[in-house]
Amino acid sequence: MRKILCAFYLCLISCYSFYAQVLDKTANDRLVIQHELVASKQVKENIYIHTDKDIYEPGEDLWFKAYILNGNDLKISQQTKIIFVELRKLGEKEVITKEIYDATNGFASGHLFLADILKDGTYQLIVHTKNTMENASKTILANKQIEIRESIIPKILIDSEFHKKTYERTDTVQLEIAVFSRSRVPYIEASVIAELFSTDKKIGRIKVKTDEKGEAKLTFPVKKTTNAAYIKLRVQYKGETVHYSVDIPFQNPAAIQFGMYPEGGNLVENLPNTVAFKAVDHHGKPLHVEGDLYEDGKKVRSFEVTHFGMGKFLFTPKPYKKYTVQLSNPVLDSTFQLPDIRKSGIKLQVDRSNQKNIHCSITKTTDISPQKVYIRVQNRGNVYWMATASLTKDRIRFKIPCNKLPQGIAEVTIFNERFQPLAERLVYANLDQKLHVKLEEISKMLYRQKEKVNMRFSVKDQFGKPAIGHFSLSVFDHLYAKKDNHYSILPHYYLFSELKGHVYNASYYFDEKNKDRDKHLDLVLLTQGWRTYIWNPENLLDAHDYVKPFREEVTGRAFQVTKEKTLKNAKGAEIKVVLPKRITSIHTDSNGNFALPVNYLKIGRGYEITFLPINSESIILEATFPFDEIGKRTKKKLLLFPKSDRLVSEKKQSSYDSEFSFNETNYLEEVKLTGYKDRDKNSGENVIYKDFPSGDYVCHEYGVLNCRNHRSGSPPIEGKRYRLNSGQYVVFGNTKVKKGEKKTAFLMVKGFYPTKEFYNPTYDKAEDKLFPDNRKTLFWSPKLISNEKGEINVSFYTSDVQTTFFGRLEGTNGSGLFGANYFQFNVN
């Protein structure tokens, strides 16, 4: 237990309604020590992944940086020295790639080659560490979703336009579409299949062909559109197929999810109650609604949305009254019941907040006898503030000093004398407590091809003083960004890792231009106040089994083959380890166990390390690799990544990025630059571990084990004889002993993934500009550190690509503060 927090445990509220007394030992044990013990086992590390872009083509290198922070205070983790990285396709269990990288002082960075054979789809880049393997959480936050697309701009493009801006449910729906190439050439006689869907099933289908202008008109009668929500289009032309969905702009959506959430957890009779509400459609898109509260069928007040489908209203429930809600805009037949109303109880409310304090109040019904209560404020499992109070009056007020809290979501809980929770409220503290990162200077906003770009950023703390931080910067073509997803460093650490459910437009709350963002963020907490992690020790101490330590090294056992062809533990056996530039050895213990030190994997970076017993005729090996254990431990865990925001339904919609420019450069790209395999300076390089390629397989053409000339094949069979690239023959695995067969016992493990520098050309000389340069990522650096003046200076050159480029600079000071700056410029 950290002694520095003891002052917080004994902290008293300087308010007239609280007693100045020391928190007793029992209360301290139950509400603080047990609580923090459980929290420390829940999330040991919180990892954010910054990639150089969001969308890739097969054959590229993916560049990444992992921010590895302590889960409870968001300071850099000094414990993790290596990370285990997996690449999976979304929805599939099979792991495509498994690699190991260095981690130093809370950061890890590198690249990962995305093979040419990867198909279009969404993939998950997942980072594991020893600490994440040893936590008790049921979820995995350390993952980043990327898209892999063979063509960033499809060969078939679609413009669609409804004949009305909005529709009533009694209207016929007409949709006109235009189908064309990337050079705006109409596709004549293209096949179009349009399927009409409600929220959960198909309700109509139309098949047409485009005319001589590449256009087609789709008409859905009223009887089909009454419950409709969207249209799925499938367009085919000369062997190419594209799928595209358009939302129908109905005034009344097909379905509304409307929820009401009492502040503090419960509604109580005869007390003022604040009720927050949230309205979304079937896609989770916010809806603007208006409604009325009814008491025994009589309207008592009206309300409406104030921000992203959310709002709140205040009322005092009366005894023996029935309360319901009806929506007036859009008009619905449904009536919504409020949560159950208690006849007596205690309420916790936030009255107001400012930069210094969060002002709260506790109210109780008259039948509740005076009693002692405990007030606890915790953030990510750490208790930062506690106090006691005596409920001698119907209402008492208190204030929580913000200078005692870090930035983020804090949980305020009221406990009775038996340490049972009575009410709870989430609050957000210190929204401006961050690193303020500003692009102070950029040489220009419009560049020519292969021109030098100079930038200077400033980094300051919340007091306006220069700050030192560790940052990563990517500059890339805007077409490779997922503009509808708000996964970035501040939303990840302050919202996504703390709340369940989808937070719409999460970046909004960290943009200082939005003046009411603090009030709007409070609505998010009121409506999504269910934490990803439940911190109550009574629920958790018995809920999780002991998590055994995770071994980062390769472990195994050596067996002695007896004359009777039985196996026994090979005590003290010597195992030779073949490293790139030397040969060493390790020995088994009294039970035949051995471990390959992690340092050997680092020495063998880019190689496959071979280890085999000195007496290979009579000893065989079996081994457990870290990724095997990772697979077992993560099998039932849920990968969490924020959903993309559903775009607003509009009269005009397009299947491609609306910012795509149909100029000559893009036309040439359609003909000549369809994939990175055709380009020379932005393609990745397939990593082959020297001596053997990664993975174990037998090529189909020659039957060679881990063939250098063929990158895939069938899994090898244990005990079967295979030819190596050298021409020699080995028995794979050799875990079974067969009479009359020569035994070969060896194991191979990949070392750390190879390192290389990001390609950053210079064009100081005119002759250098003669060569084509089609880089989509202009700059990537995972190790930028602001100097003592709080400055970061970078320079790089543009490529031949004429487009808009996005920039993302993100980082931390290592002590719980984060900062980011997002910018763009044009090349023309």
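Residues numbered from 1 in each chain as written. Predicted model: local features only at pLDDT ≥ 70, side-chain atom pairs only at ≥ 80, totals over all residues. Heavy atoms only, no water.

Chemist: Help me understand the overall build of the protein, please; the structure alone is not making it clear to me.
Modeler: In terms of regular secondary structure, the protein is built from 10 helices and 52 strands. Counting only residues that meet the buried cut, the protein has 54% of its 828 residues in that class. Within the protein, residue pairs in contact and separated by at least 24 positions form 68% of the contacts whose partners lie at least 6 positions apart. About 39000 Å² of surface is accessible on the protein, with carbon and sulfur atoms providing 48% of the total. (Helix = DSSP H or I, 4+ residues; strand = E, 2+ residues; numbered from the N terminus. Buried < 20%, exposed > 50% of the residue type's maximum accessible area, 1.4 Å probe, protein only. Contact = heavy atoms within 4.5 Å. Areas by Shrake-Rupley, 256 points an atom, 1.4 Å probe, with all protein chains shown as cover.)

Chemist: Sorry, what's going on with the environment of I153 here?
Modeler: Its location among the elements puts I153 in the loop between β9 (143-148) and β10 (157-162). The exposure class assigned to I153 is buried, which follows from its relative accessible area of 8%. Taking the C-alpha atoms as reference points, I153 and S655, separated by 502 residues in sequence, lie 9.5 Å from one another.

Chemist: Honestly, the side chain of R182 in this entry has me stumped. Any pointers?
Modeler: In this structure, R182 sits in the loop between β11 (173-180) and β12 (191-197). In terms of polar contacts, R182 uses its side chain to reach the backbone carbonyl oxygen of I153, at 2.9 Å. (Polar contact = N/O pair within 3.5 Å; in protein donor to acceptor, adjacent residues only side chain to side chain.)

Chemist: Mind showing me how you'd approach helix α9 (residues 626-634) here?
Modeler: Think of an α-helix as turning once every 3.6 residues; residues three or four places apart then point the same way. By the burial criterion, the buried members of α9 are P626, F627, E629, I630, R633 and T634. Down the axis of α9, the smallest arc covering the buried residues is 155°, so these residues share one side. (Arc of directions from axis to C-beta.)

Chemist: How should the nonpolar core be read in this particular structure?
Modeler: The nonpolar side chains of a soluble globular protein tend to be buried with one another. Counting residues in hydrophobic clusters, the biggest one holds 55 residues, and the most contacted among them are I83, Y428, L495 and Y509. In this structure, I158, V173, A216 and L233 belong to the second largest nonpolar core, which totals 27 residues. (Core = buried A, V, L, I, M, F, W, Y, C linked by side-chain atoms within 4.5 Å.)

Chemist: Even after reading the chapter, I still don't get the packing of aromatic side chains, so can you show me in this structure?
Modeler: Remark: the centre distance and the inter-plane angle together describe each pair of aromatic rings, the angle taken between the planes. By the definition in use, this model includes 37 aromatic pairs. Relative to F313, the ring of F303 has its centre 5.0 Å away and its plane inclined at 20°; by these criteria the two rings are stacked. Here F303 is found in strand β21 (residues 298-304), whereas its partner F313 is found in strand β22 (residues 310-315), with 10 residues between them in sequence. Just as F303 is buried, F313 falls in that class too. Among the aromatic side chains, those forming a connected cluster through ring pairs are Y48, Y67, F107, Y487, Y493, Y494, F510, F641 and F818. Between the NZ or CZ atom of K65 and the centre of the ring of F107, over which it lies, the distance is 4.6 Å. Over the ring of Y320 we find K343, and its NZ or CZ is 4.6 Å from the ring centre. (Phe/Tyr/Trp six-rings, centres within 6.5 Å; stacked < 30°, edge-to-face > 60°. Lys NZ or Arg CZ within 6 Å of the ring centre and 35° of its normal.)

Chemist: Looking at this model, I keep getting lost on the sheet that holds β9. Mind explaining?
Modeler: Either a parallel or an antiparallel arrangement is found when strands of a sheet pair, and the pairing is made through backbone hydrogen bonds. Read from one edge to the other, the open sheet built from 5 strands follows the order β2-β9-β7-β4-β5, with strand pairing classed as mixed. What marks the edges here is a single partner per strand, and that holds for β2 (55-56) and β5 (95-102). Taken together, the 7 bridges between strand β4 (residues 82-89) and β5 define a ladder with antiparallel strand orientation. By the bridge assignment for β5, L87 is matched with T97. (Pairing = 2+ DSSP bridges.)

Chemist: Would you mind showing me how to read the environment of L233 here?
Modeler: Secondary-structure assignment places L233 in strand β15 (residues 230-237). With 38 residues separating them along the chain, L233 and E195 place their C-alpha atoms 6.5 Å apart.

Chemist: Can you help me understand the confidence of the model for the protein in this one?
Modeler: Do not read the fine detail of predicted coordinates wherever pLDDT is low. Here the protein averages 86 in pLDDT, and 86% of its residues register 70 or above. Below a pLDDT of 50 lies the segment residues 1-21, which in the model reaches 53 contacts outside its immediate sequence neighbourhood of four places, other chains included. Counting contacts from residues 734-744, a segment whose pLDDT is below 50, to residues more than four positions away or on other chains yields 21 contacts. (pLDDT = per-residue confidence, 0-100.)

Chemist: In this structure, what is going on with the pattern of salt bridges? I would like to understand it.
Modeler: Side-chain pairing between opposite charges can occur once the charged atoms of the two side chains come close. Applying the stated rule across the entire model yields 36 salt bridges. Its salt-bridge partner being K321, residue D296 comes within 3.6 Å of it at the nearest N-O pair. Of the two residues, D296 sits in the loop between β20 (290-295) and β21 while K321 sits in the loop between β22 and β23 (323-329), which places them 25 residues apart along the sequence. By relative accessible area, which is 44% here, D296 ends up partly exposed. On the basis of relative accessible area, K321 is assigned to the partly exposed category, the value being 38%. In this structure, the salt-bridge partner of K434 is E512, at a minimum N-O distance of 3.5 Å. Separated by 78 residues along the polypeptide, K434 in the loop between β32 (421-429) and β33 (436-442) and E512 in the loop between α5 (489-496) and α6 (517-527) bring together distant segments of the chain. (Salt bridge = Lys/Arg side-chain N within 4 Å of Asp/Glu carboxyl O.)

Chemist: Looking at this structure, I do not really get the environment of A279. What am I missing?
Modeler: Considering the arrangement of structural elements, one finds A279 in strand β19 (residues 273-280). Sequence-wise, A279 and E290 are 11 residues apart; in three dimensions their C-alpha atoms are separated by 10.0 Å. A279 has contacts with Q257, F258, K285, P286, L287, V289 and G309, leaving out every residue within four places of it along the chain.

Chemist: It is not clear to me how the sheet that holds strand β16 (residues 240-247) should be interpreted in this structure. Could you clarify?
Modeler: The strand order across the open sheet formed by 4 strands is β13-β12-β15-β16, and the pairing between neighbours is antiparallel. Both outer strands of the open sheet, β13 (202-209) and β16, are each paired with one neighbouring strand and no more. Sheet twist, expressed as the average angle between the axes of neighbouring strands with direction ignored, equals 15°. Judged from the 8 bridges that link them, β15 and β16 form a sheet pairing that is antiparallel. Opposite L233, over in β16, you have Y244 as the bridge partner. (Axes fitted to C-alpha atoms, helices over the stretch in contact; angles between N-to-C directions.)

Chemist: Where do I start with the pairing of β19 in this structure?
Modeler: Consecutive side chains of a regular strand alternate in pointing toward one face of the sheet and then the other. Within β19, 8 of the 8 residues are buried, which leaves it mostly tucked inside the rest of the structure. Residue alternation in β19 divides its side chains into two sets, N273, V275, F277 and A279 and T274, A276, K278 and V280, and both sets are buried. In this structure, strand β17 (residues 257-262) lies alongside β19, joined through 6 bridges in antiparallel fashion. Of the residues in β19, the one forming a bridge with F258 is A279. By the bridge criterion, 6 bridges tie β19 to β22 in an arrangement that is antiparallel. Considered in β22, the bridge of K278 is made with M310.

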